[in-house]
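Now for the letters of each chain:
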Amino acid sequence: MTSKAGSKPQDGEVTNGEGEGRHSVGLEEGPSDLEEEEEKEREAGPQATMSTPIAASKESNRPVDRIVSEKIQNGGKAFAFVKREVVKEERKREKQEIPVKKRKPRSLLPLSTTMDHRPKEELQQDCLTLAAIRHSKVLPSQCVPGSGDHIQLGLFGDRKALYQMFEEEGKSHIEGGHYDSAIYLLLWKGDITGALQMATEKGELTDHLVSIAPMAGYQVWSRTVEAFVKQLCFQEQFVKAASYLLSIHKVYEAVELLRSRQLYR
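Here the structure is a predicted model, which means the values were calculated and not measured.

Student: Residues and numbers for the layout of surface pockets, please.
Tutor: Empty space among the atoms can be located by rolling a probe the size of a water molecule over them. In this structure, the largest pocket encloses a volume near 190 Å³. Ile133, Arg134, Leu139, Val144, Pro145, Gly157, Asp158, Lys160, Ala161 and Gln164 are the residues that line the largest pocket. Secondary-structure elements contributing two or more residues to the lining of the largest pocket are helix H7 (120-135) and helix H8 (159-176). When residues in the lining of the largest pocket are grouped by element, the largest group, three residues, is from H8. Approximately 160 Å³ is the volume attributed to the second largest pocket.

Structural data, given as structure tokens:
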């Protein structure tokens, strides 16, 4: 009896092997529980940091959130679109802020205008000279109105003095290469044929000059139009050149010009 009783372990006793095994199991199970808790905390972390639906809806009304939502919906193109719009607005503002400087037109009478910017004493002497020209039969010595040192007086003298001033001013424009100004001075003199001839030689014909060419006669107008057509072709304005050929009843020449340039439409 004693051997059997001694061989049976009591309920409260535990063998060394079993105790060690259970102790090892407890050690192995302990860290696994901690890992599960940590994983749960990790999963609950983002949800805990998330705001309430009301707060989220308020935050979604911000421009940044709208851009992000648009970016997600449009496949990531919202930022590029917004950037382009901002750049366009900045360019518009820069254009509005930059003051536009108006270019002063070139004077048609630069020589006489220069003579008007002299000392006061010389301008007073010009007034006395002009009074003598207008009201005296004898002109002052070495005074030719509209020429030389008295070119500015051509505006206040007779027709001859005025034309003399226009001639000298025209020569000055030609020397400076300003043929358009010289052409308008000829028009002011009434020399339409001379103005058109100079414009044709210098390649300075314009729509305005062609429009006033009939004042010099049909033949002058027809020659001017033909010269203007050549000038337009040189400038590669073939459609406009063809339209001017039609104005002088040269239909076949106009069609041939367009066909040679393959301008079928």
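Student: Describe unusual backbone geometry, with residues and values.
Tutor: One non-glycine residue, glutamate 236, adopts positive backbone phi at about 65°. You can see glutamate 236 is positioned in the loop between helix H12 (218-234) and helix H13 (238-247). Unlike most non-glycine residues, glutamine 262 shows phi in positive territory, near 60°. Relative to the assigned elements, glutamine 262 resides in the segment after helix H14 (251-260).

Student: Account for the side chain of aspartate 126, naming residues and giving values.
Tutor: On the secondary structure map, aspartate 126 appears in helix H7. When sequence neighbours within four positions are dropped, the list of residues in contact with aspartate 126 reads Arg118, Gln152 and Leu153.

Student: Lay out the nonpolar core in plain terms, naming residues and giving numbers.
Tutor: Side chains of nonpolar character tend, in soluble globular proteins, to be buried together. Core analysis: the largest hydrophobic core is formed by 29 residues, its most contacted members being Leu209, Val225 and Tyr244. Here this core gets seven residues from one element, more than from any other, and that element is H12. With residues up to four places along the chain from it excluded, the contact list for valine 225 reads Val210, Tyr244, Ser247 and Ile248. Counting six residues, the second largest nonpolar core, distinct from the first, contains Leu109, Met115, Phe166 and Leu185.

Thresholds, definitions, all that
Residues numbered from 1 in each chain as written. Predicted model: local features only at pLDDT ≥ 70, side-chain atom pairs only at ≥ 80, totals over all residues. Heavy atoms only, no water. 1 Å grid on protein atoms, 1.4 Å probe; cavity = no way out; pocket = protein on both sides within 12 Å on 5 of 7 lines; lining within 4 Å. Points joined across faces, edges and corners; volume = space filled by probe spheres on them. Helix = DSSP H or I, 4+ residues; strand = E, 2+ residues; numbered from the N terminus. Contact = heavy atoms within 4.5 Å. Core = buried A, V, L, I, M, F, W, Y, C linked by side-chain atoms within 4.5 Å. Buried < 20%, exposed > 50% of the residue type's maximum accessible area, 1.4 Å probe, protein only.

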